[in-house]
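A closer look at the structure
Given next are the chains, with one letter for each unit.
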Amino acid sequence: MSAPGAGLRAAAAAGASLVRVEGVKFVVDPAACLVAGQDIFPMVDPEPVLAIACPEDPKAVARLVAAARANGWLLAPRGAGLSYTGAYTSLEPARTIVVSVERLNRVREINALDGYVLVETGCTWAELDAALAPLGLSAAFAGPVSGRLATVGGSLSMNGAFWGSGRSGAAADTALGLEVVTGAGEIVRTGSYGASGCNAFTRHFGPDLLGLFLGDCGSFGIKTAAALRLVPALPADSLAFSASDPARVFRFLAELGASGLSTHTMALDASLAKERLAGASVAEAAGQLRALARAEGSAGGKLRDLAALARAGAGARLPSAARGLDVHVGIEAADDAANGDGLAARAAKVSALAARHGLDVADATIGKAMLRQKFAPVTGLAGAKGERWVPVHGLLPHSRAAEAFAAVHAALDQEADALAAKGIKVRNLIASVGPGALVVEPMFLWKDRLPLLVQETLRQQTGREPAQAAGQPDATALVRQLRARIVGIFDAHGASHFQLGSAYPWRQRLDPAAAALFEGIRAMLDPDRVFIAPLFAGA
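Considering the overall build of the chain
- What the chain contains, in helices and strands, is 17 helices and 18 strands.
- Pairs at least 24 residues apart make up 74% of the contacts formed inside the chain by residues separated by at least 6 positions.

The following block contains the structure:
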């Protein structure tokens, strides 16, 4: 691997020789190209990519693809860049152009009557929410927690969960149509969006082409616009429960998913949220307090919520080994108690369900604060004290989630001494995805130098220089080993994964006939192998 300085000089020289492509702005600044070529958990020492391309419209994207085919460039589609699985990073950065769709950020159409929004893929979820909210509407999947930065296209390429996932499933489950530029330079539209005389009201018009481009990490094309399903934006609230036995939590989440009562559900180590709050800066804490102060309700109620948030940050922390879980349950309902299904009625049903499974009522302030500030600044890319942070996850059916969780932690218990010696903490997050599945996500936190992308994002989001630790490569190497081991455990329990990248096996796990089918599709959609195609890594 060349020295970083040599790589920067080479990138500048190579960028100077780029050909002009109509409608495409190229960024060749070496420092920017160095950041753009990595994610938040780089697989190798970062080197700058050739350039960052910012096309202005789908036709400009098609011209960029044609130029890449003619000049031997590799294209790496990238949203906000907050993935952690090598999903858009290239092993050949010197000839890779990162494609940013930041200029493709318009909301093209909001069709409340037919129940969809047509939005360009560079639009962030926060921007989309701001466009829909005045109309009393929301996307059925309303974005990840990082939606202040995360883009619509990035979420559909990686797939993912959170706002609305308890009700509507993952991001890909709510897509109705896509506009995609393939590696052959063709602009393709899927579903009714691609049929003459139709609008984008349904994904099904003959064989379903949409699924090819969902969760593909950009392997099959560059998404330029998406049609997403809309739902009414209803009054919302958040409840909280706790249990020291994770098995109770998993049983509760399974029945809660089947009930259809929650819009989103998040279970966290009891210590995790407290650590985040306790480590929050004055500015971050003020933002949380302002969000609650803007909430509806009486002045007395607001004061109680503010005091509870302060207590939550100062409260005692459970040791990691205790594995106590706090469960935050988001609910929505029409503000009409006459039909027996208002917020109060739903809250009572959820509370009764939690009690039947032996969960205790807990402080709901954190969940309420998240509702009031749905797309807060993205500061969770590092720990409360500036530690490096990286998760690993499995998407599991309810029937196997508890067993997989227990197996993962049995493996981590075997490494307890090594983890303690290197100062590595493991925390957990569990989230509902539709009625039948959960994302189980262990998260590692440890002291080491933050990656450049993480540093840059935290500077942008907080306005200050992030805390830094001395390099600890041995700890990082152990985290990398344990993540790979956990992936193996998840897969042995029948897990699927979001943001596949090169960190999770996909091609290798397919039946031979299915793998051959996808290879044939790839050959047709990308005949010159223009896209870096992380799905096919190691195949």
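More follows now that the structure is in view.
Some remarks on unusual backbone geometry
- Backbone geometry places N159, a non-glycine residue, at a positive phi of 65 degrees.
- In this structure N159 comes out as buried when scored by relative accessible area, which is 19%.
- Even without a glycine there, the phi angle at R529 is positive, about 55 degrees.
- Here R529 is to be found in the segment after α17 (512–525).
- R529 gets classed as partly exposed once you look at its relative accessible area, which sits at 43%.

Quick word on helix α7 (residues 246–259)
- Under the 1.5 Å per step criterion, the end-to-end length of α7 is 20 Å for 14 residues, consistent within 8% with the ideal 20 Å.
- The complete set of buried residues in α7 reads P246, V249, F250, F252, L253, L256 and G257. Down the axis of α7, the buried side of the element spans an arc of 165 degrees, and every buried residue falls inside it.
- Sitting at the head of α7, D245 places a side-chain oxygen 3.0 Å from the backbone nitrogen of A247.
- Where α7 ends, the next residue or the one after it, G260, has phi of about 70 degrees, a positive value.

What to know about the confidence of the model for the chain
- Chain-level statistics for the chain give a pLDDT mean of 88 and a share of 86% at 70 or above.
- When the criterion is pLDDT under 50, residues 1–16 qualifies, and its contacts beyond four places in sequence or with other chains add up to 17 contacts.
- Taken together, the stretch residues 312–322 has pLDDT below 50 and engages in 18 contacts with residues farther than four places along the chain or on a different chain.

Thoughts on the nonpolar core
- Counting residues in hydrophobic clusters, the biggest one holds 106 residues, and the most contacted among them are W125, L128, L156, L228, F252, V350 and F444.
- The element contributing the most residues to this core is helix α16 (residues 473–492), with eight residues.
- Setting aside residues up to four positions removed in sequence, L128 forms contacts with V107, V117, V119, C123, A139, V152 and L228.
- Of all hydrophobic cores here, the second largest spans 23 residues; its members include V61, L75, I97 and F531.

Let's talk about a nonpolar patch on the surface
- Together, M43, V44 and L91 give the surface a local cluster of nonpolar side chains, amounting to about 320 Å² of exposed area.
- With respect to the helices, strands and loops of the structure, V44 is situated in the loop between α2 (30–36) and β2 (51–55).

A look at the packing of aromatic side chains
- Per the counting criterion, the structure on display carries 10 aromatic pairs.
- Between F220 and F536, the ring centres sit 6.1 Å apart and the planes meet at 65 degrees, which makes this aromatic pair edge-to-face. Highlighted residues: F220 in the loop between β9 (187–189) and β10 (222–232) and F536 in the segment after α17, separated in sequence by 316 residues.
- Taking the relative accessible area as the measure of exposure, F536 reaches 6% and is therefore buried.
- Ring geometry for W506 versus F536: centroids 5.7 Å apart, planes at 85 degrees, classification edge-to-face. Of this pair, W506 sits in the loop between α16 and α17 while F536 sits in the segment after α17, placing them 30 residues apart in sequence. Like W506, the residue F536 is buried in the burial classification.

Regarding the sheet that holds β2
- Strands sit in the order β1-β2-β4-β3 across an open sheet of four strands; the sheet is mixed. Edge strands, defined here as strands with exactly one partner in the open sheet, are β1 (24–27) and β3 (74–78). The average angle at which neighbouring strand axes cross in this sheet is 30 degrees, direction not considered.
- Where β3 meets strand β4 (residues 96–100), five bridges bridge the pair, whose relative direction is parallel. Pairing of R78 across the sheet is with S100, part of β4.

Examining the packing of α7 against helix α11 (residues 343–356)
- At a closest axis distance of 9 Å, the pairing of α7 and α11 adopts a crossing angle of 145 degrees. In terms of crossing hand, the pair formed by α7 and α11 is right-handed. Residues F252, E255 and L256 of α7 lie in contact with α11, whose contacting residues are V350, L353, A354 and R356.
- Of the residues assigned to the contact of α7 with α11, the class counts are five nonpolar, no polar and two charged.

Digging into the pattern of salt bridges
- Applying the stated criterion across every chain yields a total of 20 salt bridges.
- A salt bridge links K374 to D129; the shortest N-O distance between them is 3.7 Å. Here the residue K374 occupies a position in the loop between α12 (365–372) and β15 (388–391), and D129 occupies one in helix α4 (residues 125–132), the gap between them amounting to 245 residues.
- Take K374: its relative accessible area is 24%, and that puts it in the partly exposed class.
- Residue D129 is classed as partly exposed on the basis of its relative accessible area of 21%.
- In this structure, the salt-bridge partner of R189 is E179, at a minimum N-O distance of 2.9 Å. Within this pair, whereas R189 is found in strand β9, its partner E179 is found in strand β8 (residues 175–181), the two being separated by 10 residues in sequence.
- Within the structure, one salt-bridge network assembled from shared partners comprises R106, R108, E120, E179 and R189.

Focus on the pairing of β2
- In terms of burial, β2 is largely enclosed, as five of its five residues are buried.
- Of the two faces of β2, the one holding A51, A53 and P55 and the one holding I52 and C54 are both buried throughout.
- In the sheet, β1 pairs with β2 via four bridges, with the strands oriented antiparallel. Its bridge partner being in β2, V27 is matched across the sheet by I52.
- Bridge analysis of β2 against β4 gives three bridges, and the strand direction is parallel. Of the residues in β4, the one forming a bridge with A53 is V99.

Calculation rules
- Here the residue index of a chain counts from 1 through its sequence in written order.
- Per-residue local features of the predicted model are confined to residues with pLDDT of at least 70, and side-chain atom pairs are confined, for both listing and counting, to 80 or more; whole-chain, interface and lining totals are unaffected and use all residues.
- For side-chain calculations, the full set of non-hydrogen atoms in the structure is used, while hydrogens and water are omitted.
- For helices the rule is a DSSP run of H or I covering at least 4 residues; for strands it is a run of E covering at least 2, with both sets numbered from the N terminus onward.
- Residue contacts are counted whenever heavy atoms from the two residues lie within 4.5 Å of one another.
- Between buried and exposed lies partly exposed: a residue is buried under 20% and exposed over 50% of the maximum accessible area for its type, with that area taken using a 1.4 Å probe on protein chains only.
- One less than the number of residues in a helix, times 1.5 Å, gives the span that helix is expected to have.
- Working note: the arc is built from the helix axis to C-beta atom directions.
- We call two N or O atoms a polar contact when they sit within 3.5 Å, provided that within protein one can donate a hydrogen and the other can accept it, with sequence-adjacent residues counted only if both atoms are side-chain atoms.
- Confidence scores per residue from the predictor, reported as pLDDT, run from 0 to 100.
- Take the buried residues of types Ala, Val, Leu, Ile, Met, Phe, Trp, Tyr and Cys, join any two whose side-chain atoms come within 4.5 Å, and each joined set is a nonpolar core.
- For patches, a residue must show more than 30% relative accessible area and have no salt bridge; joins then use 9 Å for like charges and 5 Å for nonpolar side chains, namely Val, Leu, Ile, Met, Phe, Trp and Tyr.
- Areas reported here follow the Shrake-Rupley algorithm with a probe of radius 1.4 Å; residue values treat only the protein chains shown as occluding.
- Salt bridges are counted wherever a side-chain nitrogen of Lys or Arg sits within 4 Å of a carboxyl oxygen of Asp or Glu.
- Stacked, tilted and edge-to-face are the three classes applied to pairs of Phe, Tyr and Trp rings, where Trp contributes its six-membered ring and a pair requires centres within 6.5 Å; stacked means planes under 30 degrees apart, edge-to-face means over 60, and tilted covers the rest.
- Strand pairing is defined by DSSP finding a minimum of two bridges between the two strands.
- Axis lines are fitted to C-alpha atoms, over the contacting stretch for helices. Their N-to-C directions set the angle, which ranges from 0 to 180 degrees.
- With the far helix as reference, a near helix turned anticlockwise by less than a right angle produces a left-handed crossing, and one turned clockwise produces a right-handed crossing.
- The residue classification treats Ala, Val, Leu, Ile, Met, Phe, Trp, Tyr, Cys and Pro as nonpolar and Asp, Glu, Lys and Arg as charged. All others, Gly included, are polar.

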